[in-house]
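Coordinate analysis (summary)
Residues per chain, in single letters:
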There are 2 protein chains.
Amino acid sequence: MTVTTPQGFRASGVTAGLKASGTPDVALVVNDGPSDVAAAVFTTNRCKANPVLWSEQVMAGRKARACVLNSGGANCYTGPQGFQATHASAELVASRLGIGAIDVVVCSTGLIGEQLETEKLNAGIEQAAETLSATGGAAAAEAIMTTDTRSKQAVREGEGWSIGGIAKGAGMLAPALATMLVVVTTDAEVDAETADRALREATRVTFDRLDSDGCMSTNDTVLLMCSGASGVTPGEREFTGRLTELCHDLAQQLLGDAEGAEHDIAIEVVNAATEDDAVEVGRAIARSNLFKCAVFGRDPNWGRILASAGTTRAAFDPAALDVAFNGVWVCRGGEPGESREKVDLTERAVTVTVDLKAGTESATIWTNDLTHAYVHENSAYST
Amino acid sequence: MTVTTPQGFRASGVTAGLKASGTPDVALVVNDGPSDVAAAVFTTNRCKANPVLWSEQVMAGRKARACVLNSGGANCYTGPQGFQATHASAELVASRLGIGAIDVVVCSTGLIGEQLETEKLNAGIEQAAETLSATGGAAAAEAIMTTDTRSKQAVREGEGWSIGGIAKGAGMLAPALATMLVVVTTDAEVDAETADRALREATRVTFDRLDSDGCMSTNDTVLLMCSGASGVTPGEREFTGRLTELCHDLAQQLLGDAEGAEHDIAIEVVNAATEDDAVEVGRAIARSNLFKCAVFGRDPNWGRILASAGTTRAAFDPAALDVAFNGVWVCRGGEPGESREKVDLTERAVTVTVDLKAGTESATIWTNDLTHAYVHENSAYST
């Protein structure tokens, strides 16, 4: 079910008191090997949090023995003092595990621009190190939650090997990763180059196509740790396939728990000249507040979809476009098509299809509607 | 006060029955000359409405004698039948005024993807032509309203000449113009090249820097008609200056009436390497739903500002940035600065200042907060 399902991993989740809610807030995931191969992708935001700056250095070596994560504070825009707090976390984990600090990835999530309470954090890390167990994945998944209403875990099985993951993220969910921390573990034997290629390919078509609210985070991290404990070396294609399935599963769990959302919307852009065109059009639609409000109101307002498509550079003839809501083609050739009345948007799942008639490529972007609850959650609380 | 303040113009506004509300919905503004110089800027959206496609042809001649505008339907994505409706409107206006159809600009606003009710529209145009008067500007301003709660008008006076304008727009308010129709009149003697340059310069720093909800419309039009009736030829600098003031005034009226908004937010980006950088950073912040929700909640959440800035390509060092809310520097050098507690966001007007420390250029983007009322208005009604 989780990161401790593959062989060779231990994990824990404890309450350090960083979150006012008193819920668990420090997690530790450890790779006991024999292999320490790892790969990671980070936010493309230029304003990177201190743990991201640190973890990029760790990943230069393409290996990691442990990942320590905290909720209750993003440790972003906290200057040298914040970087020092991250570094000290890694040192503390390393000393308790008998490894080097440079093998410890650090992730943080929470409010930007506040220093972490390092005494509490360090006490939490000590406790997390003491309570590590081969069944601790669920506790770790819980300790990284912020505004999430439920923890996110997934597993996929290969032939004699497995892959597991935990994720958090509910707001600031946007392209090039979201305020989203993901730890994926596998007991497959994978070399560093394969791990890196597989992770980039998997995230490219899963997490990177999630655009819940258009807001790109400063802390996003997806880490893959490979223990090799199964002794099995899957083919790259098989490994990438399972990893992509796992990432898709976790991404859909994030989508389904997005702040205040009442609809999960798949925007399928088909018959594009290039995959990039399809992604650009899908993303433009996913970022239209008017479109997102319309779906909340169960209104198949396709004019707002075409107005968004029209802001892109993608190849298409505006007079040729078709648009469907849940398979009802409300716009055909740039003119009113089937009746809007036929569209039923009461279910949580909504599929919008935009046919660009410009080629054979396609892509799907996943987003949510814009609701009163989203506004409430993001105006009433500092997160 | 309005488009009929300058000499040489007549206008009217009537109720044709295009709007279910039964409020006025057809406006006509006529330039009686002696000059017929005109300039216009249109939406940069590739999905342009039929009236925009028509009016672009009119403006190829750099002159216009009249502008007919309707609310109650955007006439966008309505195919050849929709274009024919636009063309017929221009023909009808032309026949009633004894001019050519190619001198008649057409503007429409309302729901995308529905055919206009042309019988009602044409009857309205007949009535509008019959009721033209030298005091009809206010009636015209009222007839172009959609979700606007009040009509928008402004005037500026030169030495012996004047300039007046009407505007509408409350939603789909975003860069490169908003669902925004603006008619500006002047009795100054202006040649076509000057009129064009002046209008582009004025809109570049006013309407184009309004980004209320990030949604670019398909129908945006700003039209400038010059009658020359004052006999005065102002210097280009003076003319551009007055025109820019007028456009700024109208843009601020649009901002102040944006759908559901409780705050008008000026995002000043200073010390940028280039003006384009300043605009890019300002626009990225203006489009952050998380930032906009925070302002609604009166929360000076500067982390969301920096997270947005980090998505741009503008030149700056993330560790050097300063951010102020209403003059309180809550972030200094990329670290927490003055206390957030000092910031008071109860007033409607909010100024955010971002110091990029990368040069000497600056720009201001105007936006609104994201509120429950915005979600309500845009989910409960098809507009």
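Because the structure is predicted, anything quoted here is derived from the model rather than measured.

Cut-offs applied
Residues numbered from 1 in each chain as written. Chains lettered and ligands numbered in written order. Predicted model: local features only at pLDDT ≥ 70, side-chain atom pairs only at ≥ 80, totals over all residues. Heavy atoms only, no water. Axes fitted to C-alpha atoms, helices over the stretch in contact; angles between N-to-C directions. Helix = DSSP H or I, 4+ residues; strand = E, 2+ residues; numbered from the N terminus. Parallel < 35°, antiparallel > 145°, perpendicular 65-115°, else oblique. Left-handed = near helix turned anticlockwise from the far one by under 90°. Contact = heavy atoms within 4.5 Å. Nonpolar A, V, L, I, M, F, W, Y, C, P; charged D, E, K, R; others polar. UniProt positions renumbered as here; feature names shortened; annotations may be inferred. Buried < 20%, exposed > 50% of the residue type's maximum accessible area, 1.4 Å probe, protein only. Pairing = 2+ DSSP bridges. Buried area = accessible area lost by both parts, 1.4 Å probe. Salt bridge = Lys/Arg side-chain N within 4 Å of Asp/Glu carboxyl O.

Our next topic: the packing of helix α5 (residues 192–204) of chain B against helix α6 (residues 236–256) of chain B. All names here are of chain B. Where α5 meets α6, the closest approach of the two axes is 9 Å, and the angle between their N-to-C directions is 40 degrees. Relative to α6, α5 is oriented oblique. With respect to the hand of their crossing, α5 and α6 are arranged in right-handed fashion. Here T194, R197, A198, L199, E201 and A202 of α5 lie close against α6, whose contacting residues are E236, F239, T240, L243, T244 and C247. Class assignment for the residues of the contact of α5 with α6 results in 6 nonpolar, 3 polar and 3 charged.

Residue and element names in this part refer to chain A. UniProt marks T146, K168, T179, E259, N378 and T383 with the feature "binding site: substrate" (unreviewed entry), using the numbering shown here. Along the chain, the position of T146 falls in the loop between α4 (137–143) and β6 (152–157). Exposure remark for T146: the relative accessible area of 30% places this residue in the partly exposed category. With near-sequence residues (within four places) excluded, T146 lies in contact with S71, T109 and K168. Here E259 lies in the loop between α6 (236–256) and β10 (264–272). Assessed through its relative accessible area of 6%, E259 is described here as buried.

Further remarks concern the sheet that holds strand β1 (residues 9–14) of chain A. The pairing of strands in a sheet comes from backbone hydrogen bonds and takes either a parallel or an antiparallel form. Residues and elements named next belong to chain A. With respect to topology, 4 strands assemble into an open sheet ordered β1-β2-β4-β5, the strand pairing being mixed. Because the sheet does not close on itself, it has two edges, and the strands there are β1 and β5 (104–108). Between one strand axis and the next, the sheet turns through 10 degrees on average, direction left out of account. As paired strands, strand β2 (residues 26–31) and strand β4 (residues 66–70) are joined by 5 bridges and run antiparallel to one another. Looking at the pairing, L28 lines up with V68 of β4. Running over the sheet, helix α3 (residues 118–130) touches β1, β2 and β4 and is turned about 45 degrees from β2.

A cis amide bond, omega 20 degrees, links G33 of chain A with the succeeding residue P34 of chain A. By the secondary structure assignment, P34 of chain A is in the loop between β2 and β3 (37–42). The phi dihedral of Y77 of chain A falls on the positive side, at around 55 degrees, and the residue is not glycine. When you line up the elements, Y77 of chain A lands in the loop between β4 and α2 (79–97). A residue is classified by how much of its surface remains accessible, and Y77 of chain A, at 8% relative accessible area, is buried. Notably, N326 of chain B is not glycine yet its phi reads approximately 45 degrees, a positive angle. When you line up the elements, N326 of chain B lands in the loop between β11 (322–325) and β12 (328–332).

Here the focus is the packing of helix α1 (residues 50–59) of chain B against helix α2 (residues 79–97) of chain B. A pair of packed helices is captured by two measures, namely the crossing angle of their axes and the spacing between those axes. All names here are of chain B. With their axes 9 Å apart at the nearest point, α1 and α2 run at an angle of 50 degrees to one another. The angle between α1 and α2 falls in the class oblique. Here α1 runs over α2; the crossing is right-handed. For the pair formed by α1 and α2, the contact residues are N50, P51, L53, W54 and Q57 on the first element and G79, G82, F83, T86, H87 and A90 on the second. Of the residues in the contact of α1 with α2, the class split is 5 nonpolar, 6 polar and no charged.

Bringing the interface of chain B and chain A into the picture now. Of the residues lining the interface, 55 residues belong to chain B; the matching set on chain A comes to 55 residues. Where chain B abuts chain A, roughly 4,400 Å² becomes buried across the two surfaces, and 56% of that area is made up of carbon and sulfur atoms. On the chain B side of the contact with chain A, R46, Y77 and L290 of chain B bury the most area, a combined 17% of that side's loss. Our count for the chain B to chain A interface comes out at 2 salt bridges. Here E114 of chain B and R340 of chain A are joined by a salt bridge, their closest N and O atoms 3.4 Å apart. For the side of chain B that touches chain A, the elements supplying multiple residues, two or more each, are α2, α8 (289–296), α9 (302–309), β13 (335–336) and α10 (372–380) of chain B.

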